[in-house]
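Listed below are the residues making up each chain.
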Amino acid sequence: MNENEFGAKLKPWLERSAQAVGDFQATRLKAARLRALDAFQEPVRVLGLVAVAPGTLQTIQYSIVQRALLWLPMAALLATLAFQSLHESDPGELDAQLLSQELPPDAFIDQDFRTWLGKSGG
Amino acid sequence: MRRALGEPLATRKELSDFLASVERRAFKQSVFSVHDEEAALDIVQDAMMKLAEKYATRPPGELPLLFQRILQNAIRDHFRRGKVRSTWTTLLSNLGMGGEDDDADPLETLEVEETSNVPASPADRLEQSEVMAAIEAAVQALPERQRQAFMLRYWEELDVSETAKAMGCSEGSVKTHCSRATHALAKVLKAKGITL
């Protein structure tokens, strides 16, 4: 008799031994099985095509929302800084930029502009 | 362990049927290992729970190997935690390592009965229960790894590769453990005059 034959001969005895477990143990095993089944969640189908674990979709959705929430304060801070930088420019600097620009020759012929320029410089 | 694309996942009923089919064997395996029925029940319960919670996305065909891996890990963890200290001594561990005084292969000389029907008479039933007790004791006395390999190969009917995965060892080790276990068991049963 080789090993496989010996194993095959022993198997029915082991099966019989397993079936002979006491009522108490059998009840406990059944309770454990039912508890495990309570924890089991049937796979769900996505778009009727792919079956995935029930927690998968919630996990994906949660992670997207979670990431958005993490980036939200950073985005708000950047937006605030950009807004402030636009509205807090120095007026003098703006004037200098304006005056340093090349004006069209017609501007100097314009009487009103020359009057304004004389007052501003004066 | 990769799942083929489109392979259907285990349903609640499939999982239920599988657990119902394996729970008693798992319990006996655990009892053989930890020698404590209460601890064995806890181990099986933990293994069932883990399978249901963590591996809901697996097809039913993968459940036996997955469950065995979880169960063997749970038994190993039990020993690691040191909740139970083994106090038994093994006759077969010595026989498995040594045996120089008997060169004959017990598997070659072990008698095998052709049938293993349920005995009719009370005397026969008593005899069978004694045989069963002797077999249980012999299996229980095997060294842990030998018993694991033997149980997975010949009781759970996993192949060598699957057994190696479940045990976390090489296929060569599985073959060695199985060979030693079967020879040790055959030797003990022969010494007790037991025919299967």
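Below is a short write-up of the structure.

Parameters and conventions
- Residues numbered from 1 in each chain as written.
- Chains lettered and ligands numbered in written order.
- Predicted model: local features only at pLDDT ≥ 70, side-chain atom pairs only at ≥ 80, totals over all residues.
- Heavy atoms only, no water.
- Helix = DSSP H or I, 4+ residues; strand = E, 2+ residues; numbered from the N terminus.
- Buried < 20%, exposed > 50% of the residue type's maximum accessible area, 1.4 Å probe, protein only.
- Areas by Shrake-Rupley, 256 points an atom, 1.4 Å probe, with all protein chains shown as cover.
- 1 Å grid on protein atoms, 1.4 Å probe; cavity = no way out; pocket = protein on both sides within 12 Å on 5 of 7 lines; lining within 4 Å.
- Points joined across faces, edges and corners; volume = space filled by probe spheres on them.
- Nonpolar A, V, L, I, M, F, W, Y, C, P; charged D, E, K, R; others polar.
- Contact = heavy atoms within 4.5 Å.
- Buried area = accessible area lost by both parts, 1.4 Å probe.
- Salt bridge = Lys/Arg side-chain N within 4 Å of Asp/Glu carboxyl O.
- Core = buried A, V, L, I, M, F, W, Y, C linked by side-chain atoms within 4.5 Å.
- Phe/Tyr/Trp six-rings, centres within 6.5 Å; stacked < 30°, edge-to-face > 60°.
- Lys NZ or Arg CZ within 6 Å of the ring centre and 35° of its normal.

### Re the overall build of chain A
Okay, so step 1: Looking only at helices and strands, chain A features six helices and two strands.
Okay, so step 2: When its helices and strands are written in sequence order, chain A yields α-α-β-β-α-α-α-α.
Okay, so step 3: The buried share of chain A, reckoned over its 122 residues, is 20%.
Okay, so step 4: Accessible area for chain A stands at about 9,200 Å²; split by element, carbon and sulfur atoms hold 62% of it.

### Observations concerning empty space enclosed by the protein
Residue and element names in this part refer to chain B.
Okay, so step 1: Applying the stated criterion to the full structure yields one cavity of 30 Å³ or more.
Okay, so step 2: By volume, the largest cavity is sized at about 40 Å³.
Okay, so step 3: Those elements giving two or more residues to the lining of the largest cavity turn out to be α1 (12-34) and α7 (144-155).
Okay, so step 4: Grouping the constituent residues of the lining of the largest cavity by class yields one nonpolar, four polar and two charged.

### Side note on the interface of chain A and chain B
Okay, so step 1: Between chain A and chain B, the residue contacts involve 39 residues of the former and 54 residues of the latter.
Okay, so step 2: Taken together, the two surfaces of chain A and chain B that pack against each other cover about 4,300 Å², and 65% of this comes from carbon and sulfur.
Okay, so step 3: At the junction of chain A with chain B, the criterion picks out five salt bridges.
Okay, so step 4: Across the pair D38 of chain A and R12 of chain B runs a salt bridge whose closest N-O atoms are separated by 3.8 Å.
Okay, so step 5: Within the residue set of the side of chain A that touches chain B, elements represented by two or more residues are α1 (3-19), α2 (23-39) and β2 (50-52) of chain A.

### Things to note about the nonpolar core
Okay, so step 1: Counting residues in hydrophobic clusters, the biggest one holds 36 residues, and the most contacted among them are F6, L10 and L14 of chain A together with I135, F150 and L185 of chain B.
Okay, so step 2: If you list the elements that add at least two residues to this core, you get α1 of chain A together with α6 (122-140), α7, α8 (160-167) and α9 (171-191) of chain B.
Okay, so step 3: Tallying contributions element by element places α9 of chain B first for this core, with eight residues.
Okay, so step 4: Discounting residues that sit within four places of it in the chain, F150 of chain B has contacts with F6, G7, L10 and L14 of chain A together with W155, C178, A181, T182 and L185 of chain B.

### Notes on the pattern of salt bridges
Okay, so step 1: Evaluation of the coordinates by the stated rule reveals eleven salt bridges over all chains.
Okay, so step 2: In this structure, the salt-bridge partner of E156 of chain B is R25 of chain B, at a minimum N-O distance of 3.0 Å. A residue pair is termed long-range when its members are at least 10 positions apart, and E156 of chain B in the loop between α7 and α8 and R25 of chain B in helix α1 qualify at 131 residues. Accessibility assignment for this pair places E156 of chain B and R25 of chain B in one class, buried.
Okay, so step 3: Its salt-bridge partner being R80 of chain B, residue D77 of chain B comes within 3.2 Å of it at the nearest N-O pair. Residue D77 of chain B and its partner R80 of chain B are both found in helix α3 (residues 63-81); the two are separated by three residues, about one turn of the helix.
Okay, so step 4: Given the relative accessible area of 31%, D77 of chain B is considered partly exposed.
Okay, so step 5: Among the charged side chains, a salt-bridge network with shared partners connects R28 of chain A together with E38 and D42 of chain B.

### Let's talk about the packing of aromatic side chains
Residue and element names in this part refer to chain B.
Okay, so step 1: For the coordinates displayed, the defined rule picks out three aromatic pairs over all chains.
Okay, so step 2: Seen in terms of ring centroids, F150 and Y154 are 5.2 Å apart; in terms of plane orientation they differ by 55°. Their pairing is tilted. Taken as a pair, F150 and Y154 lie in helix α7 at a separation of four residues, close to a single helical turn.
Okay, so step 3: Its end group placed over the ring of Y154, R153 keeps NZ or CZ at 5.3 Å from the ring centre.

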